[in-house]
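Per-entry structural report
Listed below, chain by chain, are the residues.
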Amino acid sequence: MKAPRGTQDLLPGVTEKWQYVEEKLKDLSRRFHYQEIRTPIFEHTELFQRGVGDTTDIVQKEMYTFLDKGDRSITLRPEGTASVVRSFVEHKLFGAPNQPTKLFYIGPMFRYERPQQGRMRQFVQYGVEALGSADPAIDAEVISLAMSVYQTLGLRSLKLVINSLGDQESRASHRQALIDHFTPVKEELCGDCQNRLEHNPLRILDCKKDRDHPKMQDAPSILEYLNEDSAAYFEKVKAYLDEMGINYQVDPKLVRGLDYYNHTAFEIMSDADGFGAITTLSGGGRYNGLVQDLGGPETPGIGFALSIERLLMALEAENVSLPIDQQLDCYVVALGETANLKAAAITNDLRQAGIQVDKDYQGKKFKAQFKAADRLQAKFVIVLGDDELAHNQIAVKNMETGEQEAIAIDQLITHMQGIL
Ligand code: HAM
């Protein structure tokens, strides 16, 4: 039996990298004052239909949807924003005294996509959502947090791309312009885009199949259709980014694959050689209508998400090695029957005292136990022999220097705590 296509097992040796990255992400979230939220891995299908949008690829083609035994349509979450907003509304977090509500999450997401490097069917997203502020400074904060993730981990080859999708009014006039632009060539577009032309023409700009169609090159740019408020908002976001020293490029073609966005949209790409075909590391944007769409009071929101899979790919592409400590504090080596009995108790006592310890469980000979300690990169080996035990003593060997000293058993824990 093999794991399903598009999923992976993370084995020891790799999980340490994940733990390291996850710790960094939690650390950074704390620094920016975002608190953790954990929502269910499955939700009612309707949440994503309404939240992510009926015309998106995610909802139309990529969801893991099934009927449960009670005949309810259930979907494994394809992303985190809709769930976080559902929870925000359900628990009336908008009523809490401290606003905006700043949340982060780390967890698996599921999309039925064609797997390739950097594109999985189960992947882990870290994301943040700030709900309750329409201050362009928080757009800049979220973008800064996203950039900081990569920078703190040591990545250098990054490209930040931003755009504004404007408010409803701006989008409506842009939408009409897109319809006027593409209708004369409708028959030349792919089946999906013919549909999009009717239901969501903005999506055409994101189409992989029609990317090279001549009409794509001079398609109306959203930036020309921003009304005064939307244009002013975008200018402020850029001013904050400038002031914070965050470099960006404006790309009027950046539309994002989810329907809830308006105003600020952004993506971070890797510029590193050898990163592979998919270069987007993370994406996000503002979604001012979503809370209302999901039954809450009018509340602006902005957030972003990245996958840890692509983050680790970027680290590899840039040859960044994570400072992961693979060493073991102590390995207990025992020789003789009494010593073996005592070794189990000493191992246990040391662990209770907070020290990381392991011992042999394979009935290995004395020499082989030392070899095991070596392989596990133990800093110290504690040697128990029946003879020493008769004098209530054990030997502690420093594996780096080779020095060995005899310690009274009842002094062992204090001694180890001292030298570790
Ligand atoms: P998204 O652009 O669909 O946005 O996904 C965000 C990130 O998740 C991508 O940039 C990529 O790193 C990762 N990702 C997406 N699909 C896959 C996949 N199949 N395999 C590996 N990684 C993947 C969202 O999901 C929005 N909820 C982001 C957001 C939060 N917007 C506002 N708040």
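The text that follows walks through the structure, step by step, so that each part is easy to find.

Cut-off values and rules
Residues numbered from 1 in each chain as written. Predicted model: local features only at pLDDT ≥ 70, side-chain atom pairs only at ≥ 80, totals over all residues. Heavy atoms only, no water. Pairing = 2+ DSSP bridges. Helix = DSSP H or I, 4+ residues; strand = E, 2+ residues; numbered from the N terminus. Axes fitted to C-alpha atoms, helices over the stretch in contact; angles between N-to-C directions. Contact = heavy atoms within 4.5 Å. 1 Å grid on protein atoms, 1.4 Å probe; cavity = no way out; pocket = protein on both sides within 12 Å on 5 of 7 lines; lining within 4 Å. Points joined across faces, edges and corners; volume = space filled by probe spheres on them. Nonpolar A, V, L, I, M, F, W, Y, C, P; charged D, E, K, R; others polar. Core = buried A, V, L, I, M, F, W, Y, C linked by side-chain atoms within 4.5 Å. Buried < 20%, exposed > 50% of the residue type's maximum accessible area, 1.4 Å probe, protein only. Disulfide = S-S within 2.5 Å. Phe/Tyr/Trp six-rings, centres within 6.5 Å; stacked < 30°, edge-to-face > 60°. Lys NZ or Arg CZ within 6 Å of the ring centre and 35° of its normal. Near = heavy atom within 4 Å. Polar contact = N/O pair within 3.5 Å; in protein donor to acceptor, adjacent residues only side chain to side chain. Areas by Shrake-Rupley, 256 points an atom, 1.4 Å probe, with all protein chains shown as cover. Expected span 1.5 Å × (residues − 1). Patch = residues over 30% accessible without salt bridge, like charges linked within 9 Å, V, L, I, M, F, W, Y side chains within 5 Å. Salt bridge = Lys/Arg side-chain N within 4 Å of Asp/Glu carboxyl O. Lys, Arg positive; Asp, Glu negative; His and termini not counted. Charge placed at Lys NZ, Arg CZ, Asp CG, Glu CD. Parallel < 35°, antiparallel > 145°, perpendicular 65-115°, else oblique. Left-handed = near helix turned anticlockwise from the far one by under 90°.

On to the sheet that holds strand 2 (residues 42-44), then. Here 3 strands make up an open sheet; going across it, the order is 2-4-3 and the pairing antiparallel. Edge positions in the sheet fall to strand 2 and strand 3 (64-67), since each has one partner strand and no second. This sheet shows a mean twist of 35° between the axes of neighbouring strands, independent of strand direction.

Ordered in space as 1-5-6-11-10-9-7-8, the 8 strands form an open sheet in which the pairing is mixed. The open sheet has two free edges, formed respectively by strand 1 (35-36) and strand 8 (249-250), since each of these has just one partner strand. Across 2 bridges, the pairing between strand 1 and strand 5 (residues 101-110) is parallel. In the sheet register, Gln 35 faces strand 5, and the bridge partner there is Leu 103. Here helix 9 (residues 228-243) sits on the sheet and contacts strand 7 (158-164), strand 8, strand 9 (262-270) and strand 10 (280-286); the angle it forms with strand 7, its principal contact strand, is near 155°.

Now for empty space enclosed by the protein. One way to see where empty space is left: roll a probe the size of a water molecule over the atoms. Summed over all chains, the structure comprises 1 cavity of 30 Å³ or more. By volume, the largest cavity amounts to about 30 Å³. Forming the walls of the largest cavity are Leu 165, Arg 171, Leu 202, Arg 203, Val 255, Arg 256, Leu 258, Asp 259 and Tyr 261. Residue composition of the lining of the largest cavity, grouped by class: 5 nonpolar, no polar and 4 charged.

One recurring pattern in soluble globular proteins: nonpolar side chains tend to sit buried together. In terms of nonpolar packing, the biggest core is built from 44 residues, with Val 21, Tyr 34, Tyr 126, Val 149, Tyr 150 and Phe 304 touching the most fellow members. Counting residues per element, the ones that place at least two in this core are helix 1 (15-31), strand 6 (122-131), helix 5 (136-152), strand 7, helix 9, strand 9, strand 11 (301-307) and helix 11 (308-317). Residue contributions to this core peak at 9 residues, all from helix 5. Residues in contact with Val 149, not counting those within four places in the same chain, are Leu 25, Leu 28, Tyr 126, Leu 306 and Leu 311.

Here the focus is the state of the cysteines. Applying the stated criterion to the full structure yields 0 disulfides. Free of any disulfide, Cys 190 has its nearest cysteine sulfur in Cys 193, 3.7 Å distant. Considering cysteine sulfurs only, Cys 207 is the nearest to Cys 193, which forms no disulfide, with 3.5 Å between them. Residue Cys 193 is classed as buried on the basis of its relative accessible area of 0%.

So, about the packing of aromatic side chains. Under the counting rule described, the total for this entry stands at 8 aromatic pairs. Taking the centre distance of 6.0 Å and the plane angle of 70° together, the rings of Tyr 126 and Phe 304 count as edge-to-face. Of this pair, Tyr 126 sits in strand 6 while Phe 304 is found in strand 11, placing the two residues 178 residues apart along the sequence. By the burial criterion, Tyr 126 is buried, and Phe 304 matches it. A centroid spacing of 5.4 Å and a plane angle of 75° characterise the contact between Phe 366 and Phe 370, whose relative ring orientation is edge-to-face. In this pair, Phe 366 and Phe 370 are both assigned in helix 13 (residues 366-375), 4 residues apart and thus about one turn of the helix distant. Among the aromatic residues, ring-to-ring pairing joins Phe 104, Tyr 126, Phe 266 and Phe 304 into one connected group. The ring centre of Tyr 361 lies 4.4 Å from the NZ or CZ of Lys 359, which sits over that ring.

Near the ligand, the surroundings consist of 28 residues, among which Glu 79, Glu 113, Glu 129, Tyr 261 and Leu 281 are the closest. One nitrogen or oxygen atom from the side chain of Glu 79 is found 2.5 Å from a nitrogen atom belonging to the ligand. At a separation of 3.4 Å, a nitrogen atom of the ligand approaches a polar backbone atom of Gly 118. Within the complex, the protein chains bury 96% of what would otherwise be the 650 Å² of accessible surface of the ligand.

So, on to the environment of Glu 224. Inspection of the secondary structure puts Glu 224 in the loop between helix 8 (214-217) and helix 9. C-alpha of Glu 224 to C-alpha of Ser 173: the two residues are 51 residues apart in sequence and 10.0 Å apart in space.

Turning our attention to helix 6 (residues 168-182). The end-to-end C-alpha separation of helix 6 is 21 Å, in line with the 21 Å expected for 15 residues at 1.5 Å each. The complete set of buried residues in helix 6 reads Ser 170, His 174, Ala 177, Leu 178, Ile 179, His 181 and Phe 182. On its buried side, helix 6 packs onto helix 7 (191-199), helix 8 and helix 9.

This brings us to a negative patch on the surface. A grouping of Glu 337, Asp 386, Asp 387 and Glu 388 is seen on the molecular surface, where their side chains present a negatively charged patch. If one sorts the elements of the negative patch by residue count, helix 14 (residues 386-390) sits on top with 3 residues. Mapped onto the elements, Asp 386 comes out in helix 14.

Before going further, it helps to spend a moment on the pairing of strand 16 (residues 404-408). Direction of pairing for strand 15 (residues 393-398) relative to strand 16: antiparallel, over a ladder of 5 bridges. Within strand 16, the position partnered with Lys 397 by the bridge is Gln 404.

Our next topic: the packing of helix 1 against helix 5. Two numbers describe how helix 1 lies on helix 5: the axes approach to 10 Å, and their chain directions differ by 140°. When the interaxial angle is binned, helix 1 and helix 5 end up oblique. Remark: the crossing between helix 1 and helix 5 carries right-handed chirality. Between helix 1, through Leu 25, Leu 28 and Arg 31, and helix 5, the contact on the second element is made entirely by Leu 145, Ser 148, Val 149 and Thr 152.

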